[in-house]
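# Descriptive structure summary
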Amino acid sequence: MSGTIRLISPIDGRVYAERPVLPAAEAEAAVARAHAAQGAWAALPLSDRIARVTAGIAALEAMRDEITHELAWQMGRPVRYGGELGGVNERSAYMARIAAEALAPTEIEDSDRFRREIRREALGVVLVVAPWNYPYLTAINTIVPALIAGNAVVLKHASQTLLAGERLALALHRGGVPQDVFQNLVLDHAATEALIAARRFGFVNFTGSVAGGRAIERAAAGTFTPVGLELGGKDPGYVCADADLDAAVDGLMDGAMFNAGQCCCGIERIYVDARLYDAFVAKAVDWVMRQKLGDPTDPETTMGPMAHRRFAQLVRDQVAEARAAGATALIDPADFPADDGGAYLAPEVLVGVDHDMRVMREESFGPVVGIMPVAGDDAAVRLMNDCAYGLTASIWTSDPERAAEIGARLETGTVYMNRCDYLDPALCWTGCKDTGRGAALSNLGYLAVTRPKSYHLKKVQK
Ligand code: NAP
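Residues numbered from 1 in each chain as written. Predicted model: local features only at pLDDT ≥ 70, side-chain atom pairs only at ≥ 80, totals over all residues. Heavy atoms only, no water.

### Some details on the side chain of aspartate 421
What counts is decided by this rule: The numbering of helices and of strands both runs from the N terminus, where a helix is a DSSP run of H or I of at least 4 residues and a strand a run of E of at least 2. Contacts were defined at the residue level, with two residues in contact if any of their heavy atoms lie within 4.5 Å.
Looking at the element boundaries, aspartate 421 is found in the loop between strand E17 (414-417) and strand E18 (432-433). Not counting residues up to four positions away in its chain, the partners in contact with aspartate 421 are Gly255, Phe258, Cys263, Cys265, Gly266 and Tyr416.

### Looking at the domain arrangement of the protein
As a reminder, the rule being used: Residue ranges assigned to the domains are those given by an automatic or database domain assignment. Basic side-chain nitrogens of Lys or Arg form a salt bridge, by our definition, when they fall within 4 Å of a carboxyl oxygen of Asp or Glu. What qualifies as a polar contact is a pair of N or O atoms within 3.5 Å, subject to a donor-acceptor requirement within protein and to the restriction that residues adjacent in sequence count only when both atoms come from side chains.
Annotation of the protein at the domain level lists domain 1 (4-231 + 435-458) and domain 2 (235-417). On a C-alpha basis, the centroid separation for the pair domain 1 and domain 2 is 31 Å. Listed per partner, the contact involves 18 residues of domain 1 and 26 residues of domain 2. Counting across the interface, domain 1 meets domain 2 through zero salt bridges. Summed over the shared surface of domain 1 and domain 2, the number is 10 residue pairs in polar contact (both at pLDDT 80 or more).

### A few points about the UniProt feature "domain: Aldehyde dehydrogenase" (unreviewed entry) in the protein
For clarity, the threshold we go by: UniProt positions are given in the numbering used here, feature names are shortened, and annotations may be inferred rather than shown by experiment.
When the UniProt feature table is mapped to this numbering, "domain: Aldehyde dehydrogenase" (unreviewed entry) covers residues 3-453. When the span residues 3-453 is considered, its composition is 40% helix and 20% strand, and the gap between its end C-alpha atoms is 42 Å.

### Focus on the packing of helix H2 (residues 46-61) against helix H6 (residues 162-175)
Counted only if it meets this: Comment: axis = line fitted to C-alpha atoms, over the contacting stretch for helices; angle = value between 0 and 180 degrees taken between N-to-C directions. Orientation is classified from the angle alone, with under 35 degrees giving roughly parallel, over 145 giving roughly antiparallel, 65 to 115 giving roughly perpendicular, and any other angle giving oblique. The hand of a helix crossing depends on one turn: near helix anticlockwise from the far one by less than a right angle means left-handed, and clockwise means right-handed. Classification convention: Asp, Glu, Lys, Arg as charged; Ala, Val, Leu, Ile, Met, Phe, Trp, Tyr, Cys, Pro as nonpolar; all other residues, Gly among them, as polar.
For the pair H2 and H6, the least separation of the axes is 7 Å and the interaxial angle reads 130°. When the interaxial angle is binned, H2 and H6 end up oblique. Judged by the twist between their axes, the crossing of H2 over H6 is right-handed. Across from Arg52, Val53, Ala55, Gly56, Ala59 and Leu60 in H2, the residues of H6 making contact are Arg167, Leu168, Ala171, Leu172, Arg174 and Gly175. Across the contact of H2 with H6, the residue classes break down as seven nonpolar, two polar and three charged.

### What to know about the packing of helix H9 (residues 245-257) against helix H10 (residues 277-289)
Interhelical geometry of H9 versus H10 gives an angle of 50° and a closest axis separation of 10 Å. By the criterion of interaxial angle, the relationship of H9 to H10 is oblique. The element H9 and its partner H10 pack so that their crossing is right-handed. Between H9, through Leu245, Asp246, Ala248, Val249, Asp250, Leu252, Met253, Asp254 and Met257, and H10, the contact on the second element is made entirely by Ala279, Phe280, Lys283, Ala284, Trp287 and Val288. Tallied by class, the residues present in the contact of H9 with H10 amount to 11 nonpolar, no polar and four charged.

### Details of the nonpolar core
Cut-off, in case you're wondering: Nonpolar cores are built from buried Ala, Val, Leu, Ile, Met, Phe, Trp, Tyr and Cys residues. Side-chain atoms within 4.5 Å join them into one set. Buried residues are those whose accessible area, probed at 1.4 Å on protein chains only, stays under 20% of the maximum for their type, while exposed residues exceed 50% and partly exposed ones sit between those limits.
Membership of the largest hydrophobic core comes to 147 residues, with the highest contact counts inside it found for Ile143, Leu147, Phe182, Met253, Ile270, Phe280 and Ile371. No other element matches the nine residues that helix H4 (residues 85-103) contributes to this core. Shared between two domains, this core takes at least three residues from each, and those domains are domain 1 (4-231 + 435-458) and domain 2 (235-417). Other than its neighbours up to four places away in sequence, isoleucine 371 contacts Ile270, Val272, Tyr277, Phe280, Val281, Ala284, Val349, Leu350, Val351, Gly352 and Val353. If you look at the next biggest cluster of nonpolar residues, it comprises seven residues, including Ile5, Val21, Leu162 and Val186.

### Comments concerning the side chain of threonine 142
Along the chain, the position of threonine 142 falls in helix H5 (residues 137-148). With relative accessibility at 4%, the residue threonine 142 sits in the buried group. Non-local contacts of threonine 142, meaning those with residues more than four positions away in its chain, are made with Val126, Val128, Phe203, Asn205 and Val449.

### Section: the sheet that holds strand E8 (residues 203-207)
Rules: Two strands qualify as a pair provided that DSSP identifies no fewer than 2 bridges between them.
As summarised here, the arrangement of the six strands in space is E7-E6-E5-E8-E9-E19, forming an open sheet in which the pairing is mixed. A strand with exactly one partner marks an edge of an open sheet, and here the two such strands are strand E7 (182-184) and strand E19 (436-437). Strand direction decides the pairing type here: strand E5 (residues 125-129) and strand E6 (residues 152-156), joined by five bridges, are parallel. Across the sheet, the residue bridging to leucine 127 is valine 154, located in E6. Each of E6 and E7 is contacted by H6, which is oriented at about 155° to E7, the strand it contacts most.

### Some thoughts on the pattern of salt bridges
This model, assessed by the stated rule, comprises 28 salt bridges. One salt bridge in this structure joins lysine 459 and aspartate 110, with 3.1 Å as the shortest N-O distance. Within this pair, whereas lysine 459 is found in the segment after strand E20 (450-458), its partner aspartate 110 is found in strand E3 (residues 106-110), the two being separated by 349 residues in sequence. Looking at lysine 459, the relative accessible area reads 32%, which means it is partly exposed.

See below:
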């Protein structure tokens, strides 16, 4: 199928960019070129690949102003945050730094009789399917280690952030990654799934919705293609009685509202020890009232529109349902005059919520958070685990032992203490339950984009 993908800007609802969808035959030809180019890329010294990828990331940094501006128009992030290149640089530099060690062979024996070792081998052509909410950060988690490990990469970026894929290609090519080794293709779902089903990729990394993840897994079924799935979240925060209250409010509310709540590891529900509950709620409301919703190209704006009006509608529906079921909304949208009933959505804090409400169980992916009082750790653990997702959980306490004990009981990919909504490139980014499976970043991120190959070499005895 062919057609045109139109990117509707959340700023004004108009078409900001449009691109023709690549016809299936051209998509197949592009992937064939990637296969043809991969061997020579993998044969380059590791240091050469690292240098080119690093130069590509530097070329991206050189486009920071354009990227910041385009992000505001594509998905609504305020320009005051300067794009997302700080994280891109941090993660890329870390993955480049650990590459030699992470990819080094494991030597078992090198004697006069045997040489036995396990090497890591590139998987061939890696497909990266990326979402719009952090279009650079999510994509580079796989692109950088995959290229450094010797793979060719095909990127299919989200329709909402079409231009991010083009910027990544431009930058990496400027850095010296060959055109066919990194390709940004404008693909529709059918062509993407057909290529996966035809076993054209050695690895697929999909970051996005649960429904999308299921579709990708179905497409890959029976091909034995490894698939990394980084899907949704409904991440909880828990404020213990011994927490620093102000730090907890600041950290958790920022985690809930940054990027208009459109963070995979954003805080979507908060449980507060009953002794701190009233004070926490009052401070959380104050925190929200200091936000400025509006045009993301205005440097004063702290919260832009959601990326699409349909995402805002989902949040409005969840809030309305919760209120109908007895929840209280503490923020009056009238206090945020930019709320237009469309993509611009006032932040909201809900109390009187429970786990029968969708807003406490299903992903909202928007600027709303429900807050519940809890009697202590057991109740908090039970509620935090009462969810289909498992990406991150954030515990606020002055006692690291207590955080570790609680963390051990949580069904989650990452346990934070006294912070949230941040990816440490030295730690593995992963999830469980409906959040998917796999491992990105850290040394484990290199294992995902390579396969083991065993060498058992028996030496001739003279
Ligand atoms: P989405 O609708 O699933 O789309 C994500 C990407 O997948 C887009 O490029 C999309 O293309 C593509 N896609 C979706 N279904 C596909 C299919 N059947 N075949 C081929 N490609 C397909 O998700 P989204 O709304 O953009 O992103 C938000 C979601 O991502 C949230 O649930 C969020 O929690 C999750 N997320 C998770 C993480 C994590 O690390 N766990 C990080 C970021 C985001 P089109 O745009 O062309 O439809």
